[in-house]
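Structure at a glance
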Amino acid sequence: MSKRDYYEVLGVAKNAGEDELKKAYRRLAMKHHPDRNPGDAKAEAAFKEAKEAYEVLSDQAKRSAYDQRGHAAFEHGFGGPGAGPGFADVGDIFGDIFGDIFGGGRGRQQAQRRGNDLRYGLELDLEEAVSGIEKKINIGTLVDCKVCTGTGSADGKLETCSTCRGQGRVRLQQGIFSLQQACPSCSGRGRVIANPCKACHGEGRAEDVKVLSVKIPAGVDTGDRIRLQGEGEAGPAGSPAGDLYVEVQVREHEIFKREGDDLYCEIPIRISQAALGDTVRVPTLNGEAEIKIPSETQSGKVFRLRGKGVKSVRSRAPGDLLCRAVVETPVNITARQRELLEQFEDTFQGDDARRHSPRSSTFLDGVKAFWERMTG
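All values reported here derive from a predicted model rather than from experimental measurement.

**A look at the sheet that holds strand S9 (residues 244-250)**
The mixed open sheet is built from 3 strands, whose spatial order is S1-S9-S8. Unpaired on one side and paired on the other, strand S1 (118-124) and strand S8 (225-228) mark the two borders of the sheet. Neighbour-to-neighbour, the strand axes of this sheet turn through a mean angle of 25°, independent of strand direction. Bridge count for S8 against S9 is 4 bridges, and the pairing is antiparallel. The residue of S9 that forms the bridge with Leu 228 is Leu 244.

**Let's talk about helix H2 (residues 18-32)**
Helix length check: H2, at 15 residues, gives a terminal C-alpha distance of 21 Å against a target of 21 Å (1.5 Å per residue), a fit within 8%. Of all the residues in H2, the buried ones are Leu 21, Lys 22, Ala 24, Tyr 25, Arg 26, Leu 28, Ala 29 and His 32. In this fold, the buried residues of H2 make contact with helix H1 (6-10), helix H3 (41-57) and helix H4 (60-69).

**Section: the side chain of His 253**
The residue His 253 is located in the loop between S9 and strand S10 (257-259) in this model. Look at His 253 and you get buried, because its relative accessible area is 13%. Side chain to side chain, His 253 and Glu 127 meet in a polar contact 2.7 Å long. Those residues in contact with His 253 that lie beyond four places of it in its chain are Leu 126 and Glu 127.

**Thoughts on the pattern of salt bridges**
Under the defined criterion, the tally for this structure stands at 27 salt bridges. In this structure, the salt-bridge partner of Arg 4 is Glu 49, at a minimum N-O distance of 3.0 Å. With Arg 4 in the segment before H1 and Glu 49 in helix H3, this pair connects stretches of sequence that are 45 residues apart. The partner of Arg 251 in a salt bridge is Asp 125, with the nearest N and O atoms 2.8 Å apart. Taken as a pair, Arg 251 in the loop between S9 and S10 and Asp 125 in the loop between S1 and helix H7 (126-131) lie far apart in primary sequence, 126 residues in all. Of the residues examined, Arg 251 reaches a relative accessible area of 37% and is grouped as partly exposed. Among the charged side chains, a network of salt bridges with common partners joins Lys 51, Glu 55, Arg 119 and Glu 247.

Procedures and definitions
Residues numbered from 1 in each chain as written. Predicted model: local features only at pLDDT ≥ 70, side-chain atom pairs only at ≥ 80, totals over all residues. Heavy atoms only, no water. Pairing = 2+ DSSP bridges. Helix = DSSP H or I, 4+ residues; strand = E, 2+ residues; numbered from the N terminus. Axes fitted to C-alpha atoms, helices over the stretch in contact; angles between N-to-C directions. Expected span 1.5 Å × (residues − 1). Buried < 20%, exposed > 50% of the residue type's maximum accessible area, 1.4 Å probe, protein only. Contact = heavy atoms within 4.5 Å. Polar contact = N/O pair within 3.5 Å; in protein donor to acceptor, adjacent residues only side chain to side chain. Salt bridge = Lys/Arg side-chain N within 4 Å of Asp/Glu carboxyl O.

And the structure:
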């Protein structure tokens, strides 16, 4: 089955900007996230598809490659989605190709010597994401061997590689071409371990659990990533460690729903409050605020509280809080309340009742026109 166009997946135009891409991805991520759709294979597939599309289109180099070659640009690890372990940037690909042919080869040697990047999914409450927080996380990974301090050598001594004679590269003759590649004996380092560490067998690393403290900046949202340089897997025999990418997932809130920098919530009001008007108190992330409900308010009316939303990590001005009024039907009414409601209902008689119920009148007019078309 062929892949869908990434722009089609996110539902954006090909000239969509960064903010539009992010907003589209957040909407799809919230809708299809596995935590909100447990056991739903289709939702999980849609979530992964949206994530893959966003990872490509949000990266300028990958997006440019995709615009030129489509999905074929990533068929062989060509800077594709999730670039990190097993993936390379566009520049790295060309560097490896021309380096091997003309004698460079540095890109591939470095890639082999560096430890793998890691990813960690971190769930946050909305309040934590909005205000920022420091979290401790446990990462099971490869760390520097404690016995040899990551060198892989029992005595710290290294010898010149006999295969490449310390050059780190070997030359291969293929027809009329003379190609160079990283030395298979020393993995491009030019030196080999004389007396391997018995604890790690010369690897220089071992499995362990790292405890890290991660500072989460205020305003992060689902899909944001925090890079911790050098906190990925330890590289073999003392080579540089990879990076750790902490991916943020904000839990669903019981009151607020976030879209970009804005927050949304529903405020229930009584029929009497909607008809007569009132002042109600509503929650915000920074305490309470008041909203004036005008008389004759209809269910669904939205009230905007400016500046009561989220100040994201990318913008200075906070978003707004939008409160949608929901008129509630009273329940568990007393005999006296029922009597008063019946008396109130008796005041709506004949055609005069229509002017008190604008939405009902519009609906009835629509029904009448519909039946006239059906029977006309």
